[in-house]
Number of protein chains: 2
Amino acid sequence: MKDWDETPYPEMIRNLPEVDVPVEGVRAWLLQGKDTQMVFFDIASTAEVPLHSHCGQWGIVIEGEMELTIGEETKTYRKGDWYFIPEGVSHGATFLTRTFVIDVFDDPGRYKPKQ
Amino acid sequence: MKDWDETPYPEMIRNLPEVDVPVEGVRAWLLQGKDTQMVFFDIASTAEVPLHSHCGQWGIVIEGEMELTIGEETKTYRKGDWYFIPEGVSHGATFLTRTFVIDVFDDPGRYKPKQ
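In short, a report on the structure. Here, residues in each chain are numbered from 1, in the same order as that chain's written sequence. Chain letters and ligand numbers both follow the written order, the letters beginning at A and the numbers at 1. It should be noted that, the model being predicted, local features are given only for residues of pLDDT at least 70 and side-chain atom pairs only at 80 or more, the latter also being counted only at that level, while totals for whole chains, interfaces and linings use all residues. Only hydrogens and water are set aside; all other atoms, that is, all heavy atoms of the structure, feed into the side-chain values.

## Thoughts on the nonpolar core
In plain words, nonpolar cores are sets of buried Ala, Val, Leu, Ile, Met, Phe, Trp, Tyr and Cys residues tied together by side-chain atoms within 4.5 Å. Relative accessibility thresholds used throughout: buried, under 20% of the residue-type maximum; exposed, over 50%; partly exposed, between the two (1.4 Å probe, protein chains only). Phe40 and Trp58 of chain A together with Phe40 and Trp58 of chain B are the most contacted members of the largest nonpolar core, which totals 32 residues. Contact partners of Phe40 of chain A, with chain neighbours within four places excluded, come to Tyr9, Ile13, Leu16, Arg27, Ala28, Trp29, Leu31, Val101 and Ile102 of chain A together with Met38, Trp58 and Val104 of chain B. We call two residues in contact when some of their heavy atoms are within 4.5 Å.

## Notes on the packing of aromatic side chains
Ring pairs are drawn from Phe, Tyr and Trp, using the six-membered ring of Trp, whenever the two centres fall within 6.5 Å, and their geometry is named by plane angle: stacked under 30 degrees, edge-to-face over 60, tilted for the rest. According to the stated counting rule, one finds 18 aromatic pairs over all chains in the structure shown. Ring centres of Phe41 of chain A and Tyr111 of chain A lie 6.0 Å apart, and the angle between their planes is 70 degrees; this geometry places the pair in the edge-to-face category. One end of the pair, Phe41 of chain A, is in strand β2 (residues 37-43); the other, Tyr111 of chain A, is in the segment after β9 (99-105), with 70 residues separating them in the sequence. For the residue pair Phe41 of chain A and Tyr111 of chain A, the accessibility class agrees, reading buried in each case. Pairwise contacts between aromatic rings join Tyr9, Trp29, Phe40 and Phe100 of chain A together with Trp58 and Trp82 of chain B into one cluster. In this analysis the charged atom, NZ for Lys or CZ for Arg, is taken to sit over a ring once it is within 6 Å of the ring centre and within 35 degrees of the ring normal. Lying over the aromatic face of Tyr111 of chain A, Arg110 of chain A brings its terminal NZ or CZ to 4.5 Å of the ring centre. Helix and strand assignments follow DSSP, with helices taken as H or I runs no shorter than four residues and strands as E runs no shorter than two, numbered in order from the N terminus.

## A look at the sheet that holds strand β6 (residues 73-78) of chain A
All names here are of chain A. Here, any two strands with at least 2 DSSP bridges between them count as paired. Strand order in the open sheet formed by 4 strands is β3-β8-β5-β6, and the pairing between neighbours is antiparallel. Whereas interior strands pair on both sides, the edge strands pair on one side only; in this sheet they are β3 (48-52) and β6. This sheet shows a mean twist of 20 degrees between the axes of neighbouring strands, independent of strand direction. Sheet topology note: the strand β5 (residues 65-70)/β6 ladder contains 6 bridges and is antiparallel. Each bridged residue has a counterpart across the sheet, and for Thr69 the counterpart in β6 is Thr74. For helices, the fitted axis covers only the stretch in contact; all axes are lines through C-alpha atoms, and the angles between them, taken along N-to-C directions, range from 0 to 180 degrees.

What follows is the structure in structure tokens.
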């Protein structure tokens, strides 16, 4: 991996507004669209995303390894694995390593930039 | 792969504005940001992207296989392989299969939506 602040994200991504994520160990950058958000996550192995649900979400693992539960199914997702979580379906994750994922949210207000 | 119009992209992505791409065999959808564009590509194996250069570009292969040349180096990129092309560096690609890639462009005007 390139040593861009130890992330796979070059400066053009790390210069996007940072997101206020209410989970310890998670940093993220926001590409804000009119009806859609794209978020670039950098997640410590110690982070835990508890089960929750919201708008539709599509994402892909850039680097790392996570256990993602979608509805009733838990699977390990690695570099290049992508997933779709329909609106309202419960999901949560734990992380086996530091993990980088990018996610698209079908809601322009899913995340807020840090003030 | 899910059968979302035979793409890995759910409706929430295929409902984004389509991009006018001047390369035969390429479809793409645009997430327009203030200073940045994110483009979801669906590329036929017959497509050819000739050498060209522009703003900085970061991308990842979602499905498929491509030969990507960046500067002097040509490599095969598959599902989960990501790359960074600095501003002004010549690059081009050919495709061994139908290929899905998503790219971030450090320029809000790199692509225009179809009229």
